Amino acid sequence: MNDEGEGSQVPDLRLPMLGLAAWAGGLAGHLLPTGLVVAGVGAGVAGVLAVRARLPAGRVVTLGGVLLVFAAVAASAVLRQAQVEHNPVAALADEQAVATLELTVTSDPRVVDGRYAEQVLLRGRVTEVSGRGRVHALGTPVVVLADEDWARLELGSTVRAVGRLSPADGQGVASLVSTHGAPEVIDRPGWWWRGAGAVRASLRDSVSHRPASQRALVPALVDGDDSGLDPDLADDFRATGLTHLLAVSGTNLTLVAGFLLVLARWCGVRGRWLYLVGALGIVGFVLLARGEPSVLRAAAMGTVALLAMGTDGRRRGARALGAAVLALLLIDPLLAVSVGFALSVTATAGILLLAPAWRDALRHWLPRWLAEAISIPAAAQLACTPLVAAISGQVSVVAVVANLAAAPAVGPATVLGLTGGLVGLLWPAGGAVVGTLASWCVGWIVVVARHGARLPTPAVDWGTGFWALALLSVLSLLVALAAPYLLRRRSTGLACCGLLVVAVLVRPPTPGWPPQGWVLVACDVGQGDALVLRAAPGAAVVVDAGPDPAAVDGCLQRLDVESIPLVLLTHFHADHVDGLPGVMDGRDVAAVEVTPLADPPGGVAVVSEAAHRAGLEPASAPYAASRTVGAVRLQVLWPPPSTPTTGPGDGSTANDASVVLLAEVAGVRMLLCGDIEPEAQAALGRTWPGLRVDVLKVPHHGSRYQDLPFLQGLGARVAVVSAGEDNDYGHPSAATLAPLAASGAEVLRTDLDGDVAVTVRGGELYAATGR
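Residues numbered from 1 in each chain as written. Predicted model: local features only at pLDDT ≥ 70, side-chain atom pairs only at ≥ 80, totals over all residues. Heavy atoms only, no water.

Counting its secondary structure elements, the protein chain contains 26 helices and 25 strands. Taking 28 Å as the expected radius of gyration for a compact globule of 771 residues, we find that the protein chain reaches 29 Å, a close match to that expectation. Reported as C-alpha extents along the three principal axes, the dimensions of the protein chain are approximately 85 × 75 × 70 Å. Counting over 771 residues, the protein chain shows a buried share of 47%. Contacts in the protein chain between residues far apart in sequence, at least 24 positions, make up 70% of those at least 6 positions apart. Carbon and sulfur atoms provide 62% of the accessible area of the protein chain, an area that totals close to 34800 Å². Side chains of the protein chain give 54 positive and 64 negative charges; the mean places of these two sets differ by 11 Å. (Helix = DSSP H or I, 4+ residues; strand = E, 2+ residues; numbered from the N terminus. Rg over C-alpha atoms; globule rule 2.2 N^0.38 Å. Buried < 20%, exposed > 50% of the residue type's maximum accessible area, 1.4 Å probe, protein only. Contact = heavy atoms within 4.5 Å. Areas by Shrake-Rupley, 256 points an atom, 1.4 Å probe, with all protein chains shown as cover. Lys, Arg positive; Asp, Glu negative; His and termini not counted. Charge placed at Lys NZ, Arg CZ, Asp CG, Glu CD.)

Encoded structure:
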């Protein structure tokens, strides 16, 4: 960043205004009716013509440019979306047709969790489609969902495959293609993609001998390849605001290009040749990081940061940011509705507009290098805070501290990791030596993430409604304006630092939570189940762990649960077991019990690994026997002893093998049903006739497939549904909730109510919600 004194110059806001106009045009083109957009542009033109005689010519030209850019990007967005939605591929998708496709792979294949087994997800561009007796040549983007035969495809390959087309959920994609079996490779990638792939492979090889966290993090830091990253570590990075290190960002490009420029200067390169070196570095970085829209966005933001480092950096950086936003949206208008794009732009704007004043204030009592190390991540974090809260429902408290602690290792790790990959192409042993140095650097970043995530208050929950976000935006603006005055003096600056440390180290109480006399809490863990039965003060039985370790850990922290005499996992689907490491993190867990059906294998492996880390061996939940764990009385009602212990391997039979638990705490009888389907529900009713309970955990997240006579016959006064907000499965279904409510049950759901607690006060049953 350049020297102080820039603030006295009048900023040129023309390019930033054009960038904002382009962004507004992209949003309008994607979110508003076309007629309304056209009317808005027409009204704007009429307004400019009406006032042109009273304005200087320069302002008229600027306003005309703003309108022109708005109209151009909006029109581009409308036309491109129409092109995607109205073409032969989209038409075949509407008919759920089976077609033969020729497509070019435009993203690296990624292994994702399917409903019952792992699948491969990638993006492609269809160049030819044959279906319904016709052949069409075109160029349209699709998403491909395939099996493991597609996992080794190279970016840039052209393949032919047969698949079923269905409508895509997201914008900018013509179809979701579901296919099975190996594709026919028609053409290999170009030499440039093969070269970039060789560097990426060499980079992975250079750290392959290092511990798992380090060998996964070095490629993620250099080129965004986070395929080998442990989910628990990714959660720690998310909690500490370090997620940007796991994806391609402008920081990566700034470090790589900056290193190449320093190296070029050391080799005697001067003048305009340095621009060529910088341009080649940017192109090489884009190829190495795979050239996807997020990479182009990061390259543009990194270029802006490089310009801001030069003379008159603040003004040049602001103009460059406006130009970058304008250029990116003209190239790809869909970026206007991309969260990643918004985060990149706001973070870069924060660094350009806020960090210089904060740095200059801190320089009154700190050395320049430390002032910049503090001001840059703090400014970026503050600028992004309202947007991050809107996405995650949280405000990170530890992010500034974690980024400051990790910053000294980021640059060396990135440069050494890239160097190790390049050296390894010619000298593998030398590449491994350099890779070891890079892994030592990322080892420190791992320490920061893991310890930061375990602080009492890494983040504070925040509402995502309009007024909550408006309040946060106002608070952020006040902090931005007050910071230069508060940081100028040593006393107030140290007081601000002390306040931040206290906020991180001391967990604030949650007013009214947990509610007095709670016996059951259904944790809001997204699309999954995690139930907590109170066994004693500070102790609980946990039934299922949800899909997210951080979410269930946060719920248990809010309940002050430190000891867990029993964890019972109803079945091995990811939305019930993947959060198990979060349950066991920092708590005394005595036993883990599971369903007898060990399927799907991925869930079994997650449970086994987490249990073995705690020195435990998962055991099958004992059928029918009644037992007491603290204040909790438990009885397993399902599955019967005849249940198979092995399945088909895809988890398709796991739901009906869910453990169904009858629990009683403080006289409240609760039936916790896992994900059993109607057939198992009916069999349960026949096996245990006359069963009556006070509280029902509705099976399978309130899906429409239920044995309603059985559920209504339980006589439950409270029905709890655990589901994720805006989930893709349509859970819970009104066809399930309405009959339960009609039978007299109070229906509560975690997707709307947050954590749901069942309480007993004065012998009466009550329910309370976290929201």
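So that's the structure; there's more coming.
With that settled, the discussion passes to the pairing of strand β12 (residues 539-543). Counting buried positions over the 5 residues of β12 gives 5, a clear majority of the element. What you see with β12 is no split at all: Ala539, Val541 and Val543 on one side and Ala540 and Val542 on the other are buried throughout. Looking at chain direction, strand β11 (residues 531-536) and β12 are connected through 5 bridges and run antiparallel. Bridge pairing links Ala536 to Ala539 in β12. (Pairing = 2+ DSSP bridges.)

Together, Leu27, Leu31, Leu32, Leu36 and Val337 give the surface a local cluster of nonpolar side chains, amounting to about 420 Å² of exposed area. Positionally, Leu31 belongs in helix α1 (residues 14-31). Overall, the relative accessible area of 58% leaves Leu31 in the exposed class. (Patch = residues over 30% accessible without salt bridge, like charges linked within 9 Å, V, L, I, M, F, W, Y side chains within 5 Å. Salt bridge = Lys/Arg side-chain N within 4 Å of Asp/Glu carboxyl O.)

Here the focus is the environment of Ile374. For Ile374, the position within the fold is in helix α14 (residues 368-392). Residue Ile374 is classed as partly exposed on the basis of its relative accessible area of 23%. Sequence separation between Ile374 and Arg359 is 15 residues; the distance between their C-alpha atoms is 7.8 Å. Leaving out residues up to four positions away in the same chain, Ile374 has contacts with Leu362, Leu366 and Leu404.

With that out of the way, let us pick up the pattern of salt bridges. In total, this model carries 13 salt bridges according to the counting rule given. A salt bridge links Arg359 to Asp360; the nearest nitrogen and oxygen atoms lie 2.8 Å apart. Using a relative accessible area of 16% as the deciding quantity, one classes Asp360 as buried. Between Lys697 and Asp529 there is a salt bridge whose closest N-O contact spans 2.7 Å. Placement of Lys697 in strand β21 (residues 695-697) and of Asp529 in the loop between β10 (518-522) and β11 is noted, with a sequence separation of 168 residues between them. Like Asp529, Lys697 is buried. Through salt bridges with shared partners, a single network forms among Glu102, Arg160 and Glu184.

Interaxial distance between helix α7 (residues 231-239) and helix α16 (residues 428-453) falls to 8 Å at its minimum, and their mutual angle equals 75°. Taken as axis vectors, α7 and α16 run roughly perpendicular relative to one another. Together, Leu233, Asp236, Phe237 and Ala239 of α7 and Ile445, Val446, Ala449, Arg450 and Ala453 of α16 make up the contact between the two elements. (Axes fitted to C-alpha atoms, helices over the stretch in contact; angles between N-to-C directions. Parallel < 35°, antiparallel > 145°, perpendicular 65-115°, else oblique.)

The next subject is helix α22 (residues 601-613). Side chains three or four residues apart in an α-helix point the same way, a direct result of the helix having 3.6 residues per turn. Counted at 1.5 Å a residue, the expected span for α22 with its 13 residues is 18 Å, and the 18 Å between its end C-alpha atoms agrees. Listed in full, the buried residues belonging to α22 are Gly603, Val607, Ala610 and Ala611. Buried residues along α22 cover an arc of 100° about the axis, so they all sit on one side. For α22, the secondary structure elements touched by its buried residues are β13 (563-569), α20 (574-577), α21 (580-584) and β15 (592-594). (Expected span 1.5 Å × (residues − 1). Arc of directions from axis to C-beta.)

Two cysteines joined by a covalent bond between their sulfur atoms form a disulfide. Counting across every chain of the model gives 1 disulfide. Bridging Cys523 to Cys555, the disulfide has an S-S length of 2.1 Å. An S-S torsion of about -70° defines the bridge between Cys523 and Cys555 as left-handed. With Cys523 in the loop between β10 and β11 and Cys555 in helix α19 (residues 549-558), the pair connects residues that are 32 residues apart, well separated along the chain. Here Cys523 falls in the buried class, since its relative accessible area comes to 0%. (Disulfide = S-S within 2.5 Å.)

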